[in-house]
Amino acid sequence: MNNSEAPKILFMVMDGLGDRPHPKLDGKTPLEAAHTPNMDHLAQRGMTGLMYTIKPGITPGSDTSHLSLFGYDPEKYYSGRGPFEAAGVGIDVQAGDVAFRANLATISPDGIVVDRRAGRITGDRSEIEELVNSIEIPGVEIIFKLGIEHRGALVLRGENLSHKVTANDPKKTGVPEKQIKPLSPDAKKTADVLNLLLAKLKNELPHLKINSERKSAGLPIVNTILLRGAGKMVSIPTFKEKHSLNASCVCGGGLYEGIARVLGMNINKNHNGDGTAKTDVKSKVNAVLESLKTSDFVFFHIKGTDSLGHDGKALEKKNFLERVDAAISPFLDLENVIIMITGDHSTPCVLYEHSVDPVPILVAGPNLRRDHVKRFNEIDVSCGSFHIRRGLDLMPLLKGFIGVTKKYGA
Ligand code: ZN
Ligand code: ZN
C-alpha cells in the first residue's frame with residue numbers, strides 16, 4: 001500500500017469513560033443514559049466491544065493505562081508518575097532523571113501541614129521557581145518548574161539517583177510534613193539530597209517578596225514543597241520509532257501532555273481546551289481535524305469524564321458526554337480515517353474512584369468490519385465483536401488495519 005493512501009488513526013480517549021448503573025439515571029450508566037447520536041452512528045458503522053486497558057483484575061491509573069494503550073508495557077516503562085508530570089510542565093526529562101510531582105504548600109511553624117495547595121496560589125510565581133533552581137547541592141542538578149496553580153514538578157539529575165524514596169507529602173492536612181526516607185540502601189543519596197533541599201527551602205522561602213505580599217493580603221504563604229509520585233525516567237522509544245507513525249496530541253495539558261511529550265508526539269495547543277468538564281470541546285475537535293492533515297495518528301484526550309466520576313456526579317457526566325458527542329459530529333465526515341473511541345479506565349460515579357470494569361471501545365473506518373451493535377455504551381457493546389483482553393493489544397490491531405504491520409510467516 002502506498003503510504004500516502006494509508007488511513008490515518010484518530011485515537012480518542014475519554015478519561016474514566018466506563019461506569020456502572022447509577023440510581024440517579026434509572027439504573028443506567030452515564031453513557032447509556034446519554035443521548036449520543038454521533039457515537040452511536042460510529043458504533044453502527046464499525047466494531048465495538050469491551051477492553052481491559054491494562055489487563056483483567058488491574059485497576060488502572062491514567063498514566064499506566066495510557067502507556068498501555070499506546071503499546072508501551074507499563075511494567076517496563078513506568079516506575080512512578082513524576083517523570084510524566086515533569087514532562088507535562090515542560091521539563092526536558094532525560095533517562096536517569098528522578099522526578100516528583102510537587103505542590104506549593106503551607107506549614108505551621110511546628111511543621112504541621114495547613115494547606116497542601118497554599119491557597120491554590122496563582123499569578124506570577126517565578127520568584128519561587130528561581131529560588132528552587134538556584135539552590136546548589138553538590139553532585140546533583142535541581143530542575144523545578146511550576147504548572148497551573150500550586151502544581152509543579154521537581155527533577156533531580158545526576159549519578160546514582162533512585163526513585164525508591166518515600167514522599168514528604170502526607171496527603172492530608174493537620175498532620176506533620178514527613179521526612180523523606182530511602183526505601184532501599186541505594187536510595188540514601190537521593191533521600192539526603194531531598195531532605196537537604198527541603199531544609200534550605202524552609203529557611204529561604206519565607207523571605208521571598210511574594211510571601212510578604214501574600215501575608216499582608218491574608219493569604220497562605222508558600223513555605224514548603226510537598227513531593228510525591230517519585231519515578232525514574234527510563235530510556236523509552238518514541239512513538240515514531242515504535243510504531244512508524246507521526247503522532248500529534250490534542251489534550252488539556254498536565255499528565256497527558258507529559259506522556260505525549262515523552263513519546264515525542266507533536267503537541268497541538270491551537271485550542272481552548274483546559275482539561276476540565278467546562279472545556280471547549282469544539283475547539284479541541286477543530287485542533288484534531290487540523291492535526292489529521294499533517295499526522296498519521298492523532299491522540300485526542302478528554303478529561304472531564306474522569307473528574308465527574310471522581311466527584312460522583314452521574315447526571316453531570318451524562319450531560320458532559322452529550323456535549324462531547326455533539327462536538328465530534330465533524331468526525332462523521334472524515335474520509336480515510338480510522339476512528340477509535342474508548343476510555344483509559346472506568347471511573348464509576350457510585351465508587352468515586354477508578355475500577356477494574358472494562359471500558360467500551362469502538363473502531364470504525366474505511367473497509368473495516370461492522371457488527372450488530374447500534375449504541376455506544378457499556379451494555380450494548382458487550383454484544384459487539386471487538387473485545388480486547390489487554391490494552392497492549394490495541395495498537396498492533398490498529399496498525400494492522402492501516403497496513404503498517406508485516407505478515408507473520410509466508
Ligand atoms: Zn484516567
Ligand atoms: Zn481519575
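Before reading further, recall that the structure is shown in the block above.
Here the structure is a predicted model, which is why all the values come from computation and not from measurement.

Novice: What is the right way to read the coordination of the zinc ion (ligand 2) from this model?
Specialist: Tetrahedral coordination by four donors puts the ideal angle at the metal at 109.5 degrees, and octahedral coordination by six puts it at 90 or 180 degrees. Bound to the zinc ion (ligand 2) on the protein side are D306 (OD), D306 (OD), H310 (NE2) and H354 (NE2), at distances that span 2.0 to 2.5 Å. Geometry at the zinc ion (ligand 2) is irregular, judged from its four donor atoms and the angles of 55 to 146° they form at the metal. Counting the intervening residues between successive donors of the zinc ion (ligand 2) yields the motif D-x3-H-x43-H. If you look at the zinc ion (ligand 2) and the zinc ion (ligand 1), they sit 4.5 Å from each other. Within this pair, whereas H310 is found in helix α12 (residues 304-310), its partner H354 is found in the loop between β11 (337-342) and β12 (359-364), the two being separated by 44 residues in sequence. With a relative accessible area of 17%, H354 lands in the buried category.

Novice: How should the sheet that holds β11 be read in this particular structure?
Specialist: In space, the seven strands of this open sheet follow the order β2-β12-β11-β1-β10-β8-β9, with mixed pairing throughout. Of all strands in the sheet, those bounded by a partner on one side alone are β2 (47-51) and β9 (266-267). Two strands pair when backbone bridges link them, and strand β8 (residues 247-250) and β9 are joined in this way by two bridges, in the parallel orientation. Paired with C249 across the bridge in β9 is I267. Its contacts with the sheet place helix α3 (residues 62-69) against β1 (8-14), β2 and β10 (297-302), and it is angled at close to 160° to β1.

What counts as what
- Residues numbered from 1 in each chain as written.
- Chains lettered and ligands numbered in written order.
- Predicted model: local features only at pLDDT ≥ 70, side-chain atom pairs only at ≥ 80, totals over all residues.
- Heavy atoms only, no water.
- Donors = N, O, S within 2.8 Å, 3.2 Å for Na, K, Ca; no water.
- Tetrahedral: all angles 85-135°; square planar, octahedral: opposite > 155°, others 65-115°.
- Helix = DSSP H or I, 4+ residues; strand = E, 2+ residues; numbered from the N terminus.
- Buried < 20%, exposed > 50% of the residue type's maximum accessible area, 1.4 Å probe, protein only.
- Pairing = 2+ DSSP bridges.
- Contact = heavy atoms within 4.5 Å.
- Axes fitted to C-alpha atoms, helices over the stretch in contact; angles between N-to-C directions.

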